[in-house]
Number of protein chains: 2
Amino acid sequence: MFDYEEQLDQYLETIEEMIREKRYAELRDMLLPMEPADIALLLEESGEEKMPILYRLLPKELAAEVFVELESDSQEMLIRGFSNTELKEVLDELYLDDAVDIVEEMPASVVIRILERATPEMRKSINEILKYPEDSTGSIMNTEFLSLKKDMTVSDAFKRIRRVGGEMETISILYVTDPTRHLLGVLSVRDLLLAEEEDLIEEIMDPNVVAINTMEDKEDAAQALSKYDFVAMPVVDMEERLVGIVTVDDAMDVIEEETTEDFEKMAAMLPSDKPYLRTGVCETWGARLPWLMVLMLSATFTGMILNHYENALAACLVLNAYIPMLSGTGGNSGTQASVAVIRALSLDEVNFSDILQVLWKELRVSFLCGVCLGGANFIKMLLVDRLLLGNAAVTLPVCAVVCLTIMFVVIFAKCVGCSLPILAEKIGLDPAVMASPFITTIVDATSLLIYFTFASHLLGI
Amino acid sequence: MFDYEEQLDQYLETIEEMIREKRYAELRDMLLPMEPADIALLLEESGEEKMPILYRLLPKELAAEVFVELESDSQEMLIRGFSNTELKEVLDELYLDDAVDIVEEMPASVVIRILERATPEMRKSINEILKYPEDSTGSIMNTEFLSLKKDMTVSDAFKRIRRVGGEMETISILYVTDPTRHLLGVLSVRDLLLAEEEDLIEEIMDPNVVAINTMEDKEDAAQALSKYDFVAMPVVDMEERLVGIVTVDDAMDVIEEETTEDFEKMAAMLPSDKPYLRTGVCETWGARLPWLMVLMLSATFTGMILNHYENALAACLVLNAYIPMLSGTGGNSGTQASVAVIRALSLDEVNFSDILQVLWKELRVSFLCGVCLGGANFIKMLLVDRLLLGNAAVTLPVCAVVCLTIMFVVIFAKCVGCSLPILAEKIGLDPAVMASPFITTIVDATSLLIYFTFASHLLGI
């Protein structure tokens, strides 16, 4: 495992030196013991020129493993440079689900070349998986898995594993099916090892199998794998026939990807599936501008409210100084509630039927927070603004207006913040979009209305 | 797998009915085929009274699996009700790492009872693991694993697996050690199955093992498992001796927990390790108030700036209407950059040496965003505010001031937003704390300074 900053640069220098001095055998020996993910990192960091040289030093099987770990633009570059034989060699070594991932990322011209070189079965399987919707479990499953029959003995099963197990992604979990491919049970390789040779599979399998449908969201599949601590999970079609498996490494990738998307959506960006430094300036710009524009233009309402109360403000200009603090505190309070609820929704801890319980909780929390913040601000205004900074305009009624507003804004912000994501999910929107920037904009306008209502009643302006 | 809302209520009703009518055998048969995680959910939702009844219906081994999946307050309640024999039965069935997790969560009185009932070896192992710092890999590792010797044959290895494999958490990955417990190699159960009976372990093992140290951050261990697609990873002590393993299910838990913490920190909350609805009102209040208070009080600076320019504002009150839009847009721009960089940091895509590359990228992105937002706002101010709403105070110079400010604020916000998290990580702080609320506060004050600087130069106020 690389200690990123320290070792990487050192390796890159060594590689450059070895290539310059054509010490290829030595270079190959240096790469061989490394993990595929680390070799992929070295290839990418070594630059476009050296990447094909390094890649061609690797033995066939390792080369395929490294290939899978590369970013899609590096994969594309390598494929474009491959001879037909080289391409075929890589494809033969790939697991099916990895091949599909690669095909999905490549431009059409490269896809055609890949499909031409793939074996007929692989081509058929790739096409089948590509038919599933982008976010479905079907799109990430692997159709190469090992299935057993219930009337096999344990020693039959071992024979089957020895015969075909080498090509499978996992053999730790084995599924038992009937002749129509319906799932009958599941067992682990450990169960096989601990059983007697002549035991029947039927006797040692667990008939209670948790399966997921091809059309279910891949995020649900990932959550289920995590919840049940499975290393693999069977995928069934609409007729409940076993068609594939999802493995825990795919689940981790899905979770990482979805978490990044959640972070991006919650920070008002359109989701991108590339690492930060590999996304071009224009692409990043395109992902960030839309929401900034929408939120900027929606601030027109806030401006209109301020214009409406222009005279009241002119009469008591000191009120103006507290507006940023009020909208900031409101925005932060709302963000806290919305982020807590969005995360709880995505971990399945909360759902629509809990909305009243959530609201009741936030109401009490926000009341406590509001009272504390209002009180603290009252003291601060009197001690700092009035006494220390000597601002005579900070009178008791002004303090009262500001502090009452804080209390009400915090309560309003938290209630809106906790309920909007739940409502969004109920009507089929992504709750993550209801995070901080969206709520801040609503809270900004509302806090001004609350502020001026209190001001006109208590200060008579 | 539960479809949460639909099935859960139905099950709970059935359970209540069965308990009322004392149909325990039937109830037990209903629970038996379920996954432990689902049974745990049913137990918790069925309420404090029914939980012990349901729990006692489960056979010993399943009961332990369900116990692990319960929240710690439910575990505590059950333990308090256990007889000593019951407690011992549960402890005997637990995997060591799960037992440690439970001990860590319990109050002292319960811990003493647990340690009294545990076998001497388990007590020793629990105490050993408890010595590791909270966030270290040592604290989540399992010290029960299967190790092989290099001079064993494949059939010796199978004998060993059959003898002790039943008590191990995983046997898919096996480690080879020398007599001083130093790691020599790794192999999968698949390698064993595909090898010949008389092959030596030494011949089929992979001598390149990626291991992690007990003292390394558990998040690094989790990231490594995810990066290398491992199902387990060996943990070594300072003398490079194998002392435990971390498995992929623990890694997924760590990632989920750390992600939740990141979300919480980024929304200005103190991290909590309990699910949303299980955190009490006072606890939630305590987690949320501190940052709200700090951020509210730090808005004093914004207020001071507004007070300072009170006369300028009074002279041109229309400027005031654009302040919320400016600080909102600045805050959102900064949030986008900071969240993108924080996520890239936590995925190891970016580190300190990339800071200039990140800044250069954000500079270009923010320039593009700034120009677009400034331009759009210019058009909107002229068309909507001046022509449509007839606000004569919106003159060309005023438009120019607002739009120039937008451009500079967006650029400033994005540069601060992207560099603060990197700098925070460099000096050992958590970058997640540098997210939106913190940056919003800085940007709020700065945007006012930029605004009034342009205003005083262009409008002569």
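Residues numbered from 1 in each chain as written. Chains lettered and ligands numbered in written order. Predicted model: local features only at pLDDT ≥ 70, side-chain atom pairs only at ≥ 80, totals over all residues. Heavy atoms only, no water.

1. Observations concerning unusual backbone geometry
Residues and elements named next belong to chain A.
Then step 1. One non-glycine residue, Asp-348, lies in positive phi territory at about 65°.
Then step 2. Checked against the element boundaries, Asp-348 lands in the loop between α19 (323–346) and α20 (355–388).
Then step 3. Its relative accessible area of 48% is what places Asp-348 among the partly exposed residues. (Helix = DSSP H or I, 4+ residues; strand = E, 2+ residues; numbered from the N terminus. Buried < 20%, exposed > 50% of the residue type's maximum accessible area, 1.4 Å probe, protein only.)

2. Observations regarding the interface of chain A and chain B
Then step 1. Listed by partner, the interface residues are 121 residues for chain A and 122 residues for chain B.
Then step 2. Here chain A meets chain B over a buried area of about 10,800 Å², counting both sides, of which 66% is carbon and sulfur.
Then step 3. Inspection of the region where chain A meets chain B yields four salt bridges.
Then step 4. Here Lys-227 of chain A and Asp-38 of chain B are joined by a salt bridge, their closest N and O atoms 3.0 Å apart.
Then step 5. Between the two partners, chain A and chain B, sit 27 residue pairs in polar contact (both at pLDDT 80 or more).
Then step 6. Sort the elements by how many residues they give to the side of chain A that touches chain B and α20 of chain A lands first, with 14 residues.
Then step 7. Along the lines of polarity and charge, the residues of the side of chain A that touches chain B split into 70 nonpolar, 27 polar and 24 charged. (Contact = heavy atoms within 4.5 Å. Buried area = accessible area lost by both parts, 1.4 Å probe. Salt bridge = Lys/Arg side-chain N within 4 Å of Asp/Glu carboxyl O. Polar contact = N/O pair within 3.5 Å; in protein donor to acceptor, adjacent residues only side chain to side chain. Nonpolar A, V, L, I, M, F, W, Y, C, P; charged D, E, K, R; others polar.)

3. Considerations on the domain arrangement of chain A
Then step 1. With domains assigned, chain A is organised as domain 1 (4–135), domain 2 (147–255) and domain 3 (299–459).
Then step 2. Put simply, the middle of domain 1 of chain A and the middle of domain 3 of chain A, counted by C-alpha atoms, are 52 Å apart. (Domains from an automatic or database assignment.)

4. Quick notes on helix α14 (residues 218–228) of chain A
All names here are of chain A.
Then step 1. When α14 is considered as a whole, its buried residues turn out to be Lys-218, Ala-221, Ala-222, Ala-224, Leu-225, Ser-226 and Tyr-228.
Then step 2. The opening residue of α14, the one whose side-chain oxygen lies 2.8 Å from the backbone nitrogen of Glu-219, is Asp-217.
Then step 3. Backbone geometry just after α14 places Asp-229 at a positive phi near 55°.

5. So, the pattern of salt bridges
Residues and elements named next belong to chain A.
Then step 1. A full pass over the atoms with the stated rule returns 36 salt bridges over all chains.
Then step 2. Residues Glu-86 and Arg-56 are paired through a salt bridge, measuring 2.5 Å at the closest nitrogen-oxygen approach. With a gap of 30 residues between them, Glu-86 in helix α7 (residues 84–93) and Arg-56 in helix α4 (residues 50–57) connect regions that are remote in the sequence.
Then step 3. Note on Arg-56: relative accessible area 44%, which makes it partly exposed.
Then step 4. For Glu-76, the salt bridge goes to Arg-80, with nearest N and O atoms at 2.9 Å. Placement of the pair is Glu-76 and Arg-80 together in helix α6 (residues 72–81), with a separation of four residues, close to one helical turn.
Then step 5. Connected through salt bridges with shared partners, the residues Glu-17, Glu-21, Arg-23 and Glu-26 form a single ionic network.

6. Details of the sheet that holds strand β6 (residues 242–247) of chain B
Residues and elements named next belong to chain B.
Then step 1. With respect to topology, three strands assemble into an open sheet ordered β4-β5-β6, the strand pairing being mixed. Every other strand in the sheet has two partners, leaving β4 (212–213) and β6 as the edge strands with one partner each.
Then step 2. In this sheet, β6 lies alongside strand β5 (residues 232–236) in antiparallel orientation, the contact comprising five bridges. Among the inter-strand pairings, Ala-232 is bridged to a residue of β6, identified as Thr-247.
Then step 3. Against the sheet, helix α14 (residues 218–228) makes contact with β4, β5 and β6, and its axis sits at roughly 140° relative to β5, the strand it touches most. (Pairing = 2+ DSSP bridges. Axes fitted to C-alpha atoms, helices over the stretch in contact; angles between N-to-C directions.)

7. A closer look at the environment of Asn-208 of chain A
Residues and elements named next belong to chain A.
Then step 1. On the secondary structure map, Asn-208 appears in the loop between α13 (201–204) and β4 (212–213).
Then step 2. Assessed through its relative accessible area of 28%, Asn-208 is described here as partly exposed.
Then step 3. Distance in space between the C-alpha atoms of Asn-208 and Leu-184 is 8.2 Å, their sequence separation being 24 residues.

8. Side note on the packing of aromatic side chains
Then step 1. With the rule as written, the count across this model stands at 15 aromatic pairs over all chains.
Then step 2. Look at Tyr-55 of chain B and Phe-67 of chain B: their rings are 6.2 Å apart centre to centre, the planes differ by 65°, and that puts the pair in the edge-to-face class. With a gap of twelve residues between them, Tyr-55 of chain B in helix α4 (residues 50–57) and Phe-67 of chain B in helix α5 (residues 60–69) connect regions that are remote in the sequence. Per residue, the accessibility class of Tyr-55 of chain B equals that of Phe-67 of chain B, and both read buried.
Then step 3. Members of the aromatic cluster, connected to one another through ring pairs, are Tyr-55, Phe-67 and Phe-82 of chain A.
Then step 4. The positively charged end of Lys-361 of chain A is found above the aromatic ring belonging to Tyr-276 of chain B, 4.6 Å away from the centroid. (Phe/Tyr/Trp six-rings, centres within 6.5 Å; stacked < 30°, edge-to-face > 60°. Lys NZ or Arg CZ within 6 Å of the ring centre and 35° of its normal.)

9. A few points about the relation of the copies chain A and chain B
Then step 1. Its rotation angle being 180°, the transformation that places chain A on chain B also includes 0.0 Å of axial translation and leaves an RMSD of 0.1 Å. Viewed as a symmetry operation, the transformation between the two copies matches a two-fold axis. Scanning chain A for the C-alpha nearest the rotation axis identifies Ser-172 of chain A, at a separation of 3.1 Å.
Then step 2. In this assembly the copies share their binding face: 100% of the residues contributing to the interface of chain A also contribute to that of chain B. (Least-squares fit on C-alpha atoms with pLDDT ≥ 70 in both.)

10. A short note on a negative patch on the surface
Then step 1. Residues Asp-101, Glu-104, Glu-105, Glu-134, Asp-253 and Asp-273 of chain A together with Asp-229 of chain B make up a contiguous surface patch of negative charge.
Then step 2. No other element matches helix α8 (residues 96–105) of chain A, which puts three residues into the negative patch.
Then step 3. Mapped onto the elements, Glu-105 of chain A comes out in helix α8. (Patch = residues over 30% accessible without salt bridge, like charges linked within 9 Å, V, L, I, M, F, W, Y side chains within 5 Å. Areas by Shrake-Rupley, 256 points an atom, 1.4 Å probe, with all protein chains shown as cover. Lys, Arg positive; Asp, Glu negative; His and termini not counted. Charge placed at Lys NZ, Arg CZ, Asp CG, Glu CD.)

11. Structural notes on the sheet that holds β4 of chain A
Residue and element names in this part refer to chain A.
Then step 1. Spatial ordering of the open sheet is given by β4-β5-β6, a layout of three strands whose pairing is mixed. The two strands at the open ends of the sheet, each matched to only one other strand, are β4 and β6 (242–247).
Then step 2. The sheet contact formed by β4 and strand β5 (residues 232–236) spans two bridges and is parallel. Across the sheet, residue Ile-212 finds its bridge partner in β5, namely Val-235.
Then step 3. Sheet contacts for α14: β4, β5 and β6; angle to β5, the most-contacted strand, approximately 140°.

12. A look at the pairing of strand β2 (residues 173–177) of chain A
Every other side chain in a regular strand lies on the same face of the sheet, so the side chains alternate between the two faces.
Residues and elements named next belong to chain A.
Then step 1. Counting buried positions along β2 yields five of five residues, so the element is predominantly enclosed.
Then step 2. Of the two faces of β2, the one carrying Ile-173, Tyr-175 and Thr-177 and the one carrying Leu-174 and Val-176 are both buried.
Then step 3. Pairing geometry for strand β1 (residues 147–148) and β2, over two bridges, is parallel. Of the residues in β2, the one forming a bridge with Ser-147 is Tyr-175.
Then step 4. Following the backbone out of β1, through helix α11 (residues 154–164) and into the adjacent parallel β2, one traces a crossover that is right-handed.
Then step 5. Relative to strand β3 (residues 183–188), β2 is paired through five bridges, and the arrangement is antiparallel. (Right-handed = clockwise from strand over helix to strand, strands pointing away.)

13. As for the side chain of Glu-264 of chain B
Then step 1. In this fold, Glu-264 of chain B is placed in helix α15 (residues 248–266).
Then step 2. Here Glu-264 of chain B sits buried without a salt bridge, and the closest side chain of opposite charge, Arg-343 of chain A, lies 7.7 Å off (N-O distance).
Then step 3. Ignoring anything within four residues of it in the chain, the contact list for Glu-264 of chain B reads Met-269, Leu-270, Pro-271 and Ser-272 of chain B.

14. A closer look at a nonpolar patch on the surface
Then step 1. On the surface, Phe-301 and Met-304 of chain A together with Leu-388 and Leu-389 of chain B cluster together into a nonpolar patch covering about 440 Å² of accessible area.
Then step 2. Note on placement: Leu-388 of chain B falls in helix α20 (residues 355–388).
Then step 3. Looking at Leu-388 of chain B, the relative accessible area reads 67%, which means it is exposed.

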